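# Secondary and tertiary structure notes
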Amino acid sequence: MSGGTVVVVGDALLDVDLRGVSRRDCPDAPAPVLEEPEPWYRPGGAALAARRARQDGRDVVLVTAVGRDAAADELAALVGEGVRLVGLPLMEHTPTKTRVQANGRTVARLDQGCEGVELDARAEDVAEALAGAAAVLVADYGHGLTRQRAVRRALAACARRGVPLVWDP
């Protein structure tokens, strides 16, 4: 692998689409009735950035806050081989955005765990995850991970070492 390890730091999301067909509206509300919805899972936020970076053949580390839940396991499986997930268990629920889609159109979105990071990351964990970075991408979706002192200090240390750092708000 040329170019070294890319470390993606930030807010990973589990995106879920509930896709189905609607042939009628609810009799009690102005909403479509979704028949036999099929779920489709994909990585979002920093997890998507990490997966895309891996497509170029680079070694990738994803440093993100996750919950202690099935969504974290699903997200880990979705980022794919070649992406090492450093999931900091700092939340009760992994951020999940579920879009309800009828006939290809989003009619509602359900968010879970998107309130933000609840616990502080251990400085040692963050520093270790960033230690071998050849480049760092920060994918900040405002969930609070990048506001933490330990994360800011580790990112600043990378910059002082001359590691290229890109911040994607």
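See the structure printed just above.
A brief structural summary. (Residues numbered from 1 in each chain as written. Predicted model: local features only at pLDDT ≥ 70, side-chain atom pairs only at ≥ 80, totals over all residues. Heavy atoms only, no water.)

## So, the nonpolar core
We apply this condition: Only buried Ala, Val, Leu, Ile, Met, Phe, Trp, Tyr and Cys residues count toward a nonpolar core, and they belong to the same one when joined by side-chain atoms within 4.5 Å. Each residue is assigned to one of three classes by its accessible area relative to the maximum for its type, calculated with a 1.4 Å probe on protein chains only: buried under 20%, partly exposed between the two thresholds, exposed over 50%. In this description a helix means any DSSP run of H or I spanning at least four residues, a strand means any run of E spanning at least two, and both kinds are numbered starting from the N terminus. Residue contacts are defined here by distance: any two heavy atoms, one from each residue, within 4.5 Å place the two residues in contact.
Ranked by size, the top nonpolar core spans 23 residues in total, and within it Val9, Leu130 and Val136 carry the most contacts. Put simply, the parts of the chain that give this core at least two residues each are strand 1 (5-10), strand 4 (60-66), strand 5 (83-89), helix 3 (123-130), strand 8 (133-139) and helix 4 (149-160). It is helix 4 that provides the largest number of residues to this core, a total of 4 residues. Aside from chain neighbours lying at most four places away, what touches Leu130 is Val7, Val9, Val136, Ala154, Leu155, Cys158 and Arg161. Val6, Val8, Val60 and Leu75 belong to the second largest nonpolar core, which has 13 residues in total.

## Here we look at the pairing of strand 2 (residues 12-21)
For clarity, the threshold we go by: The criterion for strand pairing is that DSSP finds at least two bridges linking the strands in question.
Across the 10 residues that make up strand 2, a large majority, 7, are buried. Pairing between strand 2 and strand 3 (residues 35-45): 9 bridges, direction antiparallel. Within the sheet, the bridge partner assigned to Ala12 lies in strand 3 and is Gly45. Sheet analysis places strand 2 next to strand 6 (residues 96-102), joined by 7 bridges and oriented parallel. If you follow Leu14 over to strand 6, its bridge partner there is Thr96.

## Comments concerning the sheet that holds strand 3
Formally: Orientation is described by axes fitted as lines to C-alpha atoms, over the contacting stretch for helices, and by angles from 0 to 180 degrees between their N-to-C directions.
Reading across the sheet, the 4 strands line up as 3-2-6-7 and stay open at both edges, with mixed pairing between neighbours. Only two strands of the sheet have a single neighbouring strand rather than two, namely strand 3 and strand 7 (105-112). Along the sheet, successive strands turn relative to each other by an average axial angle of 20°, direction set aside. With 7 bridges joining them, strand 6 and strand 7 adopt antiparallel strand pairing. Among the inter-strand pairings, Thr98 is bridged to a residue of strand 7, identified as Leu110. Together, strand 2, strand 3 and strand 6 form the strand contacts of helix 2 (residues 70-79), whose direction differs from that of strand 2 by roughly 90°.

## Brief notes about the sheet that holds strand 1
In space, the 5 strands of this open sheet follow the order 5-4-1-8-9, with parallel pairing throughout. On the outer flanks of this sheet lie strand 5 and strand 9 (165-168), each paired with one strand and no other. Taken over all neighbouring pairs, the strand axes of this sheet differ in orientation by 20° on average, direction set aside.

## As for helix 4
To be explicit about the condition: Each helix should span, by expectation, one fewer than its residue count multiplied by 1.5 Å. Starting at the helix axis, one direction is taken to each C-beta atom, and the arc is that of these directions.
Here helix 4 is 12 residues long and its end C-alpha atoms lie 16 Å apart, about the 16 Å a rise of 1.5 Å per residue gives. Every buried residue belonging to helix 4 is among Ala150, Val151, Ala154, Leu155 and Cys158, and all of these are buried. Angularly, the buried residues of helix 4 cover 130° about the axis, an arc narrow enough to put them on a single face. Away from its buried face by more than 90 degrees, helix 4 exposes Arg149, Arg153 and Arg160. Among the structural elements, strand 1, helix 3, strand 8 and strand 9 are those in contact with the buried residues of helix 4. Looking one or two residues beyond helix 4, the residue adopting positive phi is Gly162, at roughly 85°.

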